[in-house]
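# Residue-level structure breakdown
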Amino acid sequence: MTVVIIFPVQNTTSPRPLPRSLILSILIGILLMVVLSMVPSGFFAWLWEKLNVFATVFLGIFVEAIPYLLLGTLASGLVEVFMDRDQMSKWISHRPIAAAVGGAFMGLVFPVCECGVVPLTRRLFNKGLPLSAGISFLLAAPVLNPIVVFSTAAAFGWGNMLFWRMGISLVIAIVVGLVFSVEKDSANVLRPVLNLSHEHDHTPEANASIAEKFRQALLITADEFFEMGRYLILGAMLAAGLQTFIAQSSLLAIGSGPVLSVLVMLVLAILLSICSTVDAFVALGFMGTFSFGSVLSFLVFGPMVDIKSVIMYLQVFRRRSVTYLVAIPFMMSLLAGILFNYFQP
Amino acid sequence: MPKRLYRSFQALLLLGMCIFLGSKAASGQLTYYINQRFVPLTIFGVIFLAILAQTMFSENKRSRQHDSEHDHDHDHAPASANLWFMLVPLLIGVLIPARPLDSSAFATKGFNTNSPLVSADSSAQLFETDSEDRNVLDWIKLFNYETNLAPFIGQKASVIGFVYFDETLGKNQFFVSRFVVSCCAADGFALAMISEWPQAATLEQDSWVLVKGVVKSVTLNDRVVPLIQAESVQAVPEPEQPYLFP
């Protein structure tokens, strides 16, 4: 996102006019000194403490996400090189319901979490994956994949939580996929992809050697790692900033009652921005304070929407589509959580 | 930016990231950021970053040879902002000294004297461990999940943690606390056990101590929590892994 500021062109003829930027920077300098002289003495120590917390939390999210982002972009690179459009249309049905269901289960084949799924989905769209299948894949894959099944089972056991987490995520993903299948023109949903295949300056011929193909795949992986890493970093900074300045306890304090507690868990899922492969262990910590339904909604919603994934979605989808991608899962997770709170003994 | 320059910067940044993560892993500071369990994944990441960096370097070499053979149009490289963003974590990692979460994070991350953290299997074996081997997390788990606390009262305890003073505490009391991290520092929260020691006032906030004493139970905010009647409190260096991993 670059902001271009266009200054009005000036036609100053006076000899040696002071450049505007110089005046501006002097003014800013004076202003800064005035402001700095006014801050209480403890301010910088406080800021330094905060900065330390920020750095640790930011690097925590970043270091945790790096391997998963690498895996996702590698999958994307391999798909680009080794898969062609004909194969895709052979495997995936174009009937909306079949496509949405198929897409939702594709996570079992591509085990990616929410950082890796975005570049991979974009690549699959580029290869002609139907819209509904791609959307279902995007939302379901971070939950419906082997790694997450095992980590959830490790935290909660092979029981209710695992079953309902998978089940509800599946339902939400398919519903949102079907909603998007109404849109026939994918250009209304996806942002135009300018140079997705720019890597093809030396287009690999059909008979290129395997080594050459892998080399191409790695080049794509690196490019996409940088492109998506940018938004991961932005999201991680935002999440770390919010965590540094907003007290989690104030959020948890309002979290009682069958409706409010679900809302609190959903907001927490957005704020925490943790990877879906490990969020079950985090959710475990809430089990005593929060009801089954609230924790379940956290586990269902968190992998679909959080700060960093929304920022990444915005690079792939048009803004209106992102609204749907956030709002429908939010409503459905909220509903699911509330239903469980009321009807679960 | 010409494509080849972009590729060079990419390669350098990938290499930088690889060295940064690799050195953190080597020094053990990786556990300031993530749960020990995920360290192997990061090591995989380090290796993969090295492979990517190498691919970028060799790609540049190839394209230079390629260009000398035929005249080649300049390809457009992706936005150079991508590169600047990748610099951010490196700068933060290098410029701000690595420090694990401590009491300065209490204000926003919250801090608990009881937190029900129990995974499906851990509770049973917890009661069998020797009482002096239990850490802060174990004791708090135990007080949360055991209905009959009688056998545990009066047991000897020996826990390590950092000192935290709070106005809710009585005279001669302090918290001995640890951060618990399930996944990464983003989900870390502090657990604290009350300790009672006549010379508590001589302790410094955030300093690491080994508290030895006898466990009692007290009621704090309507919950029964453990309290250590300290017999000795000695200063210890910060543990290599400052967090506890449930």
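What counts, and where the lines are drawn
- Residues numbered from 1 in each chain as written.
- Chains lettered and ligands numbered in written order.
- Predicted model: local features only at pLDDT ≥ 70, side-chain atom pairs only at ≥ 80, totals over all residues.
- Helix = DSSP H or I, 4+ residues; strand = E, 2+ residues; numbered from the N terminus.
- Buried ≥ 20, exposed ≤ 12 C-beta atoms within 10 Å, placed from the backbone.
- Contact = placed C-beta atoms within 7 Å.
- Core = buried A, V, L, I, M, F, W, Y, C linked by C-beta atoms within 7 Å.
- Domains from an automatic or database assignment.
- Axes fitted to C-alpha atoms, helices over the stretch in contact; angles between N-to-C directions.
- Parallel < 35°, antiparallel > 145°, perpendicular 65-115°, else oblique.
- Left-handed = near helix turned anticlockwise from the far one by under 90°.
- Nonpolar A, V, L, I, M, F, W, Y, C, P; charged D, E, K, R; others polar.
- pLDDT = per-residue confidence, 0-100.
- Pairing = 2+ DSSP bridges.

### Brief notes about the overall build of chain A
When helices and strands are tallied, chain A shows 15 helices and 0 strands. Across the 345 residues in chain A, those meeting the buried criterion constitute 50%. Sequence-distant contacts, at least 24 apart, represent 85% of the contacts inside chain A between residues at least 6 apart.

### Observations concerning the overall build of chain B
Along its length, chain B carries 6 helices and 7 strands. Shown N-terminal to C-terminal, the secondary structure of chain B runs as helices and strands in the order α-α-α-α-β-α-α-β-β-β-β-β-β. Within the span of chain B, comprising 246 residues, buried residues form 37% of the whole. A fraction of 72% describes how many contacts in chain B between residues 6 or more apart in sequence connect residues 24 or more apart.

### Brief notes about the nonpolar core
Counting residues in each nonpolar core, the largest one holds 165 residues, and the members touching the most others are Phe58, Ile61 and Phe298 of chain A together with Leu14, Val176, Cys184 and Met193 of chain B. Each of domain 1 (3–95) and domain 2 (103–244) of chain B contributes no fewer than three residues to this core. Beyond its immediate chain neighbours, meaning those up to four positions away, Phe58 of chain A contacts Ala236, Met237 and Ala240 of chain A together with Ile92 of chain B.

### Quick word on helix H13 (residues 292–301) of chain A
Of all 10 residues in H13 of chain A, 9 are buried, a share of seventy percent or more. For H13 of chain A, the secondary structure elements touched by its buried residues are helix H8 (160–181), helix H11 (260–272), helix H12 (279–284) and helix H15 (319–343) of chain A.

### Comments concerning the packing of H11 of chain A against H15 of chain A
All names here are of chain A. As a packed pair, H11 and H15 sit with axes 9 Å apart at the nearest point and diverge in direction by 140°. Considering their axes alone, H11 and H15 lie oblique with respect to each other. Two packed elements cross with a definite hand, and for H11 against H15 that hand is right-handed. The residues of H15 that touch H11, namely those facing Val262, Leu263 and Leu266, are Phe330, Ser333, Leu334, Gly337, Ile338 and Asn341. Looking at side-chain class alone, the contact of H11 with H15 contains 6 nonpolar, 3 polar and no charged residues.

### Description of the domain arrangement of chain B
Residue and element names in this part refer to chain B. Considered domain by domain, chain B is made up of domain 1 (3–95) and domain 2 (103–244). Opposite the 7 residues of domain 1 that make contact, domain 2 presents 9 residues. Across the side of domain 1 that touches domain 2, the residue classes tally to 3 nonpolar, 4 polar and no charged.

### Description of the confidence of the model for chain B
All names here are of chain B. Here chain B averages 83 in pLDDT, while 88% of its residues score no lower than 70. Looking across chain B, the model is least confident in helix H5 (residues 122–128), with a mean pLDDT of 62, and most confident in helix H1 (residues 3–27), with 92. With a pTM of 0.80, the predicted complex shows an ipTM of 0.88.

### A word on unusual backbone geometry
All names here are of chain B. Its identity is not glycine, yet Asn172 carries a phi of approximately 65°, on the positive side. Looking at where Asn172 falls in the secondary structure, it is placed in the loop between strand E2 (156–164) and strand E3 (173–180). Look at Asn172 and you get partly exposed, because 13 C-beta atoms sit within 10 Å. A positive phi angle, close to 75°, is found at Asp206, a residue other than glycine. With respect to the secondary-structure elements, Asp206 resides in the loop between strand E4 (189–196) and strand E5 (208–220).

### Re the pairing of E2 of chain B
Residues and elements named next belong to chain B. Where E2 and E5 come together, 7 bridges link them in antiparallel fashion. Paired with Ile160 across the bridge in E5 is Leu210. Inspection of the sheet shows E2 paired to E3 by 3 bridges, in the antiparallel sense. Within the sheet, the bridge partner assigned to Val163 lies in E3 and is Val176.

### Structural notes on the environment of Ile228 of chain B
Residues and elements named next belong to chain B. Counting through the fold element by element, Ile228 comes out in strand E6 (residues 223–235). Along the sequence, Ile228 and Ile194 sit 34 residues apart, while their C-alpha atoms lie 6.3 Å from each other. Excluding anything up to four places from it in sequence, Ile228 contacts Ala157, Met193, Ser195, Val211, Gly213 and Val215.

### Observations concerning the pairing of E5 of chain B
Residue and element names in this part refer to chain B. Sheet analysis places E5 next to E6, joined by 12 bridges and oriented antiparallel. By the bridge assignment for E6, Lys212 is matched with Ser232. In this antiparallel pair of consecutive strands, E5 and E6, the connection spans 2 residues, and Asn221 shows a positive phi of 50°.

### Some remarks on the interface of chain B and chain A
Across the boundary between the two partners, chain B contributes 52 residues, which contact 56 residues of chain A. Of all elements in the fold, only H1, helix H2 (39–69), helix H3 (81–95) and helix H4 (106–109) of chain B reach the threshold of two or more residues within the side of chain B that touches chain A. Taken together, the residues of the side of chain B that touches chain A break down into 33 nonpolar, 14 polar and 5 charged.

### Considering the packing of helix H2 (residues 43–82) of chain A against helix H5 (residues 114–126) of chain A
Packed helices, taken two at a time, are described by their axes: the angle between them and the distance between them. All names here are of chain A. The contact between H2 and H5 brings their axes to 7 Å, and the two run at 15°. Relative to H5, the element H2 lies roughly parallel. Of the two possible hands of crossing, H2 and H5 adopt the one that is right-handed. Between H2 and H5, the contacting residues are Ala65, Tyr68, Leu69, Leu71, Gly72, Thr73, Ala75, Ser76, Val79 and Glu80 on the first element and Cys115, Gly116, Val117, Pro119, Leu120, Arg123 and Leu124 on the second. Of the residues assigned to the contact of H2 with H5, the class counts are 11 nonpolar, 4 polar and 2 charged.

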